[in-house]
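# Analysis of the macromolecular model
Chain by chain, the residues run as shown.
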Amino acid sequence: MSGLFRSVLRAVQVGAATCRPKNFDAHVSVVPARLFCASAGENDLGEMVKKDKVVVFMKGTPAQPMCGFSNAVVQILRMHGVENYASYNVLEDQDLRQGVKTFSNWPTIPQVFFNGEFVGGCDILLQMHQNGDLVEELKKLGIRSALLDVEKDEKSK
């Protein structure tokens, strides 16, 4: 049985799936369609990233991050006073883990979205925090960074 046929057969056996050739070398990537189907509701990544102003796909939870990079994202958001955001633990769902990487065309976790738009991972968020861009992006979302209050308090002393 050819590899292409096996991939298609496996996709049919596990349920509806989308098969799309990646290159001209006949390699086929099988991605569960439930992640991309508009009628899939909560599992539709397009809807998931728009669920809240800030959405994070991470390893673990904000209360218990399971990797240093996810922890760094949580800490950066916490420093800015961003406590209310949607988070998804990709360790609980391998389809979600791979699906979000495909959806954003970004190879690593964590992934951060603002108003449904992909921002980046830990390195991008850290850079935005360090250069002040994160304060401005949060302001666009209607979120006042807690760091502005800290700066104001320090100036008044």
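The chain has the name Glutaredoxin-related protein 5, mitochondrial in an unreviewed UniProt entry, where Paramormyrops kingsleyae is given as its organism.

### So, the sheet that holds strand β3 (residues 54-58)
Strand order in this open sheet of four strands is β4-β3-β5-β6, and the pairing throughout is mixed. Strand pairing shows two members of the sheet lacking a second neighbour, β4 (86-89) and β6 (117-120), which therefore form its edges. Across the sheet, the mean angle from the axis of one strand to that of its neighbour is 25°, orientation sign disregarded. Note: β3 against strand β5 (residues 111-114), four bridges, orientation antiparallel. In the strand pairing of β5, Val 55 is matched with Phe 113.

### Section: the confidence of the model for the chain
Residues at a pLDDT of 70 or more form 68% of the chain, whose mean pLDDT is 78. Predicted confidence for residues 1-42 stays below pLDDT 50, and this span has 51 contacts to residues more than four positions away or in other chains.

### Details of the pairing of β6
Here β5 pairs with β6 via three bridges, running antiparallel. When the bridges of β6 are listed, Phe 114 appears paired with Glu 117. Two successive antiparallel strands, β5 and β6, enclose a turn made up of two residues, where Asn 115 displays a positive phi of approximately 50°.

### Notes on the packing of aromatic side chains
Scanning the entire structure with this criterion turns up five aromatic pairs. Every member of this aromatic cluster is reached through a ring pair, and the members are Phe 57, Tyr 88, Phe 103, Trp 106, Phe 113 and Phe 118.

### Here we look at the pattern of salt bridges
Scanning all chains against the criterion turns up two salt bridges. A salt bridge links Glu 137 to Lys 140; the shortest N-O distance between them is 3.0 Å. You can see Glu 137 and its partner Lys 140 sitting in helix α6 (residues 133-140), three residues apart, about one turn around the helix. You can call Lys 140 exposed: its relative accessible area is 63%. Arg 144 is the partner of Asp 149 in a salt bridge, and the nearest nitrogen-oxygen pair spans 2.9 Å. Residue class for Asp 149 comes out partly exposed when judged on its relative accessible area of 34%. Exposure remark for Arg 144: the relative accessible area of 52% places this residue in the exposed category.

About the cut-offs
- Residues numbered from 1 in each chain as written.
- Predicted model: local features only at pLDDT ≥ 70, side-chain atom pairs only at ≥ 80, totals over all residues.
- Heavy atoms only, no water.
- Pairing = 2+ DSSP bridges.
- Helix = DSSP H or I, 4+ residues; strand = E, 2+ residues; numbered from the N terminus.
- Axes fitted to C-alpha atoms, helices over the stretch in contact; angles between N-to-C directions.
- pLDDT = per-residue confidence, 0-100.
- Contact = heavy atoms within 4.5 Å.
- Phe/Tyr/Trp six-rings, centres within 6.5 Å; stacked < 30°, edge-to-face > 60°.
- Salt bridge = Lys/Arg side-chain N within 4 Å of Asp/Glu carboxyl O.
- Buried < 20%, exposed > 50% of the residue type's maximum accessible area, 1.4 Å probe, protein only.

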